[in-house]
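Chain residues, written in single-letter form:
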Amino acid sequence: VGFNEAASEDLLQRLEARRDPVKLNAHCFWMMWQYMAVGRFGDSVATCDRGIELADLIGSAPVQYGSIKAISLAEMGRFDEVRSAIEQEVTDDDHPFGQSMASLARSVYLVRLGAWAPAAESLSDTLERAEELSRVWMKYWAGSLLAVVAANLRNSGLDHAPTGPVPLPAALPVFGEWLVGLVGAEIALVEHRTADAIALAESTLDSSGSTASRDAMTALELIARAHLEAGDLEAAAAAADRTLAMAEPVGFGTLVWRARMVKALARGESPAEAEAEFRTLADRISEPELRWWFERQPLAPN
């Protein structure tokens, strides 16, 4: 079932007016996922907060709420708020699924930072927990991220990092093969197969239509980076412009600075604005070892 934003928000208002906290809580839970999927991360965070309030009111454990909030915050680049959001997850012994969700949220955050070694460790934990609980969708998500992490570790040439030895990609657990879609596109770009990366990302973009979504924005930004690496500066700038048109209004901070950097490099303009945005994000990372990884990204300013 698709997400009809207007109809869903109208129902939300009607449930608020009826003062029906049980149904309202259930609707908020559905909407926090939908908002995240379409890239309305600020609305996802606000809906998570509302859901946590309602769960407390009706005496229900808000399992997943804090983790969904943390993932949306990570996408926005509000890195300094992620830990506290994960701490809102229900992770006591009676809620192993909440523990798994907290692990997934931490993993997504680390991948967004480009902290490949810590992400590999965290994702291995997430995948193991998902396997124990038979959550196929979570195994799929963690497995896809692990494939991207493994590709980046292979490409990094690192054997040590601030936190110790870098894991060998071959030693990481796997869940399926990732030759298509956004995961395949990201791996292709890491491996410098720019034509494959563009084709795979464009196929994902075609399937999503022109509607703004997290996947559509991610695909466009990846296409921009691939065209830049391939030397097609006009196409890189055009894809970066399209990314910014979608990502800026929703505050997709982890994409915006890169898209702005690609645009500046493609057009031979000053990257000062992109560099300032990058530094703002970096300053929100309190752990020195994670900031070290974040600052190693290919487009990161020196």
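Note that this is a predicted model, so its numbers are computed, not measured.

## Notes on the packing of helix H12 (residues 233-250) against helix H13 (residues 253-267)
- Following both chains from N to C, one finds H12 and H13 inclined at 150°, their axes separated by 8 Å at the closest point. In this view, H12 runs roughly antiparallel relative to H13, as classed from their interaxial angle. Considering only the axes of H12 and H13, their crossing is left-handed. Between H12 and H13, the residues in contact are Leu 233, Ala 236, Ala 237, Ala 240, Asp 241, Thr 243, Leu 244, Ala 247 and Glu 248 and Val 256, Ala 259, Arg 260, Val 262, Lys 263, Ala 266 and Arg 267, respectively.
- Each residue belonging to the contact of H12 with H13 can be placed in one class, and the counts come to 10 nonpolar, 1 polar and 5 charged.

## With respect to the nonpolar core
- Counting residues in hydrophobic clusters, the biggest one holds 91 residues, and the most contacted among them are Tyr 109, Leu 113, Val 149 and Phe 294.
- Ranked by residues supplied to this core, first place goes to helix H6 (residues 96-113) with 10 residues.
- Setting aside its immediate chain neighbours within four residues, Tyr 109 contacts Ala 74, Phe 79, Val 82, Ile 285, Glu 287 and Leu 290.

## Comments concerning the environment of Glu 248
- Its place among the elements puts Glu 248 in helix H12.
- When its relative accessible area of 41% is taken as the criterion, Glu 248 is described as partly exposed.
- A C-alpha to C-alpha distance of 17 Å links Glu 248 and Val 45, two positions 203 residues apart in sequence.
- When sequence neighbours within four positions are dropped, the list of residues in contact with Glu 248 reads Thr 243, Val 256 and Arg 260.

## Remarks on the environment of Glu 131
- Structurally, the position occupied by Glu 131 is in helix H7 (residues 116-133).
- Placed 31 residues apart in sequence, Glu 131 and Ser 100 show a C-alpha to C-alpha distance of 10.0 Å.

## Side note on the pattern of salt bridges
- Evaluation of the coordinates by the stated rule reveals 24 salt bridges.
- One salt-bridge network, held together by shared partners, links Arg 154, Glu 191, Arg 193 and Asp 196.

## Focus on the packing of aromatic side chains
- Throughout the structure, instances matching the rule amount to 12 aromatic pairs.
- Measuring from centroid to centroid gives 5.6 Å for Phe 29 and Tyr 65, while their planes differ by 25°, and the two rings are stacked. One end of the pair, Phe 29, is in helix H2 (residues 21-38); the other, Tyr 65, is in helix H4 (residues 65-76), with 36 residues separating them in the sequence.
- Put simply, the rings of Phe 79, Tyr 109, Trp 257, Phe 278 and Phe 294 touch in pairs and so form one group of aromatic residues.
- Against the face of Phe 97 rests Arg 135, its NZ or CZ located 4.3 Å from the ring centre.

## Notes on the environment of Gly 98
- Its location among the elements puts Gly 98 in helix H6.
- Through-space distance from the C-alpha of Gly 98 to that of Ala 70 is 13 Å; in sequence the pair is 28 residues apart.
- Excluding residues that lie within four positions of it along the chain, Gly 98 makes contacts with Val 63, Glu 89, Val 90 and Thr 91.

## Observations concerning a nonpolar patch on the surface
- A cluster of nonpolar side chains, Val 22, Leu 57 and Ile 58, forms an exposed patch at the surface whose accessible area comes to about 270 Å².
- Mapped onto the elements, Val 22 comes out in helix H2.

## Looking at helix H1 (residues 5-18)
- Given a rise of 1.5 Å per residue, 14 residues ought to cover 20 Å, and the 20 Å separating the end C-alpha atoms of H1 matches this to within 8%.
- Three or more residues of H1 are buried, namely Ser 8, Leu 12 and Leu 15. The buried residues of H1 occupy an angular sector of 70° when the element is viewed end-on, so they sit on one face. Of the residues in H1, the exposed ones pointing more than 90 degrees away from the buried face are Ala 6, Gln 13, Ala 17 and Arg 18.
- Lining the buried residues of H1 we find H2.

## Considerations on unusual backbone geometry
- Even without glycine at this site, Gln 64 takes up a positive phi of about 90°.
- Note that Gln 64 resides in the loop between helix H3 (41-58) and H4.
- Among the residues examined, Gln 64 registers a relative accessible area of 12% and is labelled buried.
- Phi is positive for Ser 134, which is not a glycine, with a value near 55°.

## Focus: H4
- Between its terminal C-alpha atoms H4 stretches 17 Å, which fits the 16 Å expected from 12 residues at 1.5 Å a residue.
- In terms of burial, H4 is largely enclosed, as 12 of its 12 residues are buried.
- Every buried residue of H4 is accounted for by Tyr 65, Gly 66, Ser 67, Ile 68, Lys 69, Ala 70, Ile 71, Ser 72, Leu 73, Ala 74, Glu 75 and Met 76.
- Once H4 ends, the next one or two residues include Gly 77, with phi positive near 85°.

Thresholds, definitions, all that
- Residues numbered from 1 in each chain as written.
- Predicted model: local features only at pLDDT ≥ 70, side-chain atom pairs only at ≥ 80, totals over all residues.
- Heavy atoms only, no water.
- Axes fitted to C-alpha atoms, helices over the stretch in contact; angles between N-to-C directions.
- Helix = DSSP H or I, 4+ residues; strand = E, 2+ residues; numbered from the N terminus.
- Parallel < 35°, antiparallel > 145°, perpendicular 65-115°, else oblique.
- Left-handed = near helix turned anticlockwise from the far one by under 90°.
- Contact = heavy atoms within 4.5 Å.
- Nonpolar A, V, L, I, M, F, W, Y, C, P; charged D, E, K, R; others polar.
- Core = buried A, V, L, I, M, F, W, Y, C linked by side-chain atoms within 4.5 Å.
- Buried < 20%, exposed > 50% of the residue type's maximum accessible area, 1.4 Å probe, protein only.
- Salt bridge = Lys/Arg side-chain N within 4 Å of Asp/Glu carboxyl O.
- Phe/Tyr/Trp six-rings, centres within 6.5 Å; stacked < 30°, edge-to-face > 60°.
- Lys NZ or Arg CZ within 6 Å of the ring centre and 35° of its normal.
- Patch = residues over 30% accessible without salt bridge, like charges linked within 9 Å, V, L, I, M, F, W, Y side chains within 5 Å.
- Areas by Shrake-Rupley, 256 points an atom, 1.4 Å probe, with all protein chains shown as cover.
- Expected span 1.5 Å × (residues − 1).
- Arc of directions from axis to C-beta.

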